[in-house]
Amino acid sequence: MVILYSFFRSSASWRVRIALAFKEIKYEYRAVNLFQDGGQQNSEEYKRVNPMGQVPALIIDGHTLTQSVSIIEYLEERNPDPPLLPKDKYGRAQVRALSEIINSGIQPYQNLSVLDKVGKGKDEWAKSFIEKGYHGLETFLKQTSGKYSYGNTVTMADLFLVPQMFAAKRYKVNMEQFPTISQVYDSLIVLPAFKAADAVNQPDMPPNFQ
């Protein structure tokens, strides 16, 4: 049995959901509410799954995996078709770099634990760092993108871009500044795996969520 511990709007969980859907790996969804009961990720029960108290965690092949990058890399090696990384080493390096621009250079600034520390003005904080990161990402994508982030084939980089756009919209980033990012995003969200993984289609999505 494959089990995914996830929160509907968690960027890291979302990436893994896309990978699972893209590779057609069925799984059981177990919701971890990051706000309920003081944050279910902080419970002793969940920390026995992931001592970091973060989502996602994936139980697969008798192992418990954490951290979205390593989970996606594991799934890529386990189920190489359809691929999420190019065959050539330069292409793989480029896709990993695009992924890390978001994973390390943008998303951490909007993470729940960081925003809780920022306190007042946290929305403007998150927006400013997303915009700063997007200026760099836009430049890179002008060089690498075709229909998608890297050429005309879905790659791991796309799994990072789509959830990040959810945050960009949430914090009211003006996307007119970033036409390439917007074009790639529009091409991705119509794909079945991306639809299946969308926050609005998760069982823990609140009916009144805005």
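Residues numbered from 1 in each chain as written. Predicted model: local features only at pLDDT ≥ 70, side-chain atom pairs only at ≥ 80, totals over all residues. Heavy atoms only, no water.

S.K.: Just give me the short version of the UniProt feature "domain: GST C-terminal" (unreviewed entry) in the chain, but keep the residues and values in it.
M.R.: Taken from the UniProt record, the annotation "domain: GST C-terminal" (unreviewed entry) applies to residues 88-207. Counted over residues 88-207, helix gives 65% and strand 0%. Its end C-alpha atoms are 44 Å apart. (UniProt positions renumbered as here; feature names shortened; annotations may be inferred. Helix = DSSP H or I, 4+ residues; strand = E, 2+ residues; numbered from the N terminus.)

S.K.: Provide a residue-level description of the environment of Thr-144, including the pertinent values.
M.R.: Among the structural elements, Thr-144 can be located in helix α6 (residues 122-144). Residues Thr-144 and Asn-50, spaced 94 residues apart in sequence, show a C-alpha to C-alpha distance of 35 Å. Those residues in contact with Thr-144 that sit more than four places away from it in its chain are Gln-94, Leu-98, Ser-149, Tyr-150 and Gly-151. (Contact = heavy atoms within 4.5 Å.)

S.K.: How would you summarise the pattern of salt bridges if you had to cite specific residues and measurements?
M.R.: A side chain of one charge can pair with a side chain of the opposite charge when the charged atoms of the two come close. This model, assessed by the stated rule, comprises four salt bridges. Across the salt bridge formed by Arg-30 and Glu-28, the nearest N and O atoms sit 2.7 Å from each other. Between Glu-73 and Arg-96 there is a salt bridge, with the nearest N and O atoms lying 2.9 Å from each other. Note that Glu-73 is positioned in helix α3 (residues 68-78) and Arg-96 in helix α4 (residues 89-105), a separation of 23 residues in sequence. Owing to a relative accessible area of 17%, Glu-73 belongs among the buried residues under this scheme. The partly exposed category is assigned to Arg-96, whose relative accessible area is 32%. (Salt bridge = Lys/Arg side-chain N within 4 Å of Asp/Glu carboxyl O. Buried < 20%, exposed > 50% of the residue type's maximum accessible area, 1.4 Å probe, protein only.)

S.K.: Give a detailed account of the pairing of strand β1 (residues 3-6), specifying residues and quantitative values.
M.R.: The two faces of the sheet receive side chains in turn, since in a regular strand these alternate between them. On β1, burial covers both faces: Ile-3 and Tyr-5 on one face and Leu-4 and Ser-6 on the other are all buried. Here β1 pairs with strand β2 (residues 28-31) via four bridges, running parallel. When the sheet's bridge partners are listed, Ile-3 is paired in β2 with Glu-28. Both β1 and strand β3 (residues 57-60) contribute to a ladder of three bridges, which runs antiparallel. (Pairing = 2+ DSSP bridges.)

S.K.: Would you mind going over the UniProt feature "domain: GST N-terminal" (unreviewed entry) in the chain in detail, with residue names and values included?
M.R.: Taken from the UniProt record, the annotation "domain: GST N-terminal" (unreviewed entry) applies to residues 1-83. Along residues 1-83, the helical share is 33% and the strand share 19%, with 22 Å between the first and last C-alpha atoms.

S.K.: Can you break down the side chain of Glu-138 residue by residue, with the values?
M.R.: With respect to the helices and strands, Glu-138 occurs in helix α6. Buried charge Glu-138 goes without a salt bridge, the closest partner of opposite sign being Lys-142 at 4.4 Å. Of the polar contacts made by the side chain of Glu-138, one reaches the side chain of Thr-180; its length is 2.7 Å. With residues up to four places along the chain from it excluded, the contact list for Glu-138 reads Phe-178, Pro-179, Thr-180 and Ile-181. (Lys, Arg positive; Asp, Glu negative; His and termini not counted. Polar contact = N/O pair within 3.5 Å; in protein donor to acceptor, adjacent residues only side chain to side chain.)

S.K.: Lay out the nonpolar core in plain terms, naming residues and giving numbers.
M.R.: Within soluble globular proteins, side chains that are nonpolar generally end up buried alongside one another. Within the largest apolar cluster, 61 residues are counted, with the highest numbers of intra-cluster contacts made by Tyr-134, Leu-159, Leu-161 and Ile-181. A per-element tally of this core places helix α7 (residues 156-170) first, with nine residues. (Core = buried A, V, L, I, M, F, W, Y, C linked by side-chain atoms within 4.5 Å.)

S.K.: Could you give an account of the sheet that holds strand β4 (residues 63-66), naming the residues involved and the relevant values?
M.R.: The sheet built from four strands is open, its strands ordered β2-β1-β3-β4 with mixed pairing. Single-partner strands in this sheet number two, and they are β2 and β4. Neighbouring strand axes in the sheet, compared pairwise and without regard to direction, differ in orientation by 20° on average. Strands in contact with helix α1 (residues 11-22) are β1, β2 and β3; relative to β1, the strand with the most contacts, it is inclined by about 150°. Against the sheet, α3 engages β3 and β4, with an angle of about 130° to β4. (Axes fitted to C-alpha atoms, helices over the stretch in contact; angles between N-to-C directions.)

S.K.: Lay out the packing of aromatic side chains with the relevant residues and their values.
M.R.: With the rule as written, the count across this model stands at eight aromatic pairs. Aromatic pair Trp-125 and Phe-129: ring centres 4.8 Å apart, planes at 55°, arrangement tilted. Taken together, the residues Trp-125 and Phe-129, both in helix α6 and four residues apart, mark about one turn of the helix. Relative accessible area serves as the criterion here: at 29%, Trp-125 is assigned to the partly exposed category. Among the aromatic side chains, those forming a connected cluster through ring pairs are Phe-7, Phe-8 and Phe-35. (Phe/Tyr/Trp six-rings, centres within 6.5 Å; stacked < 30°, edge-to-face > 60°.)

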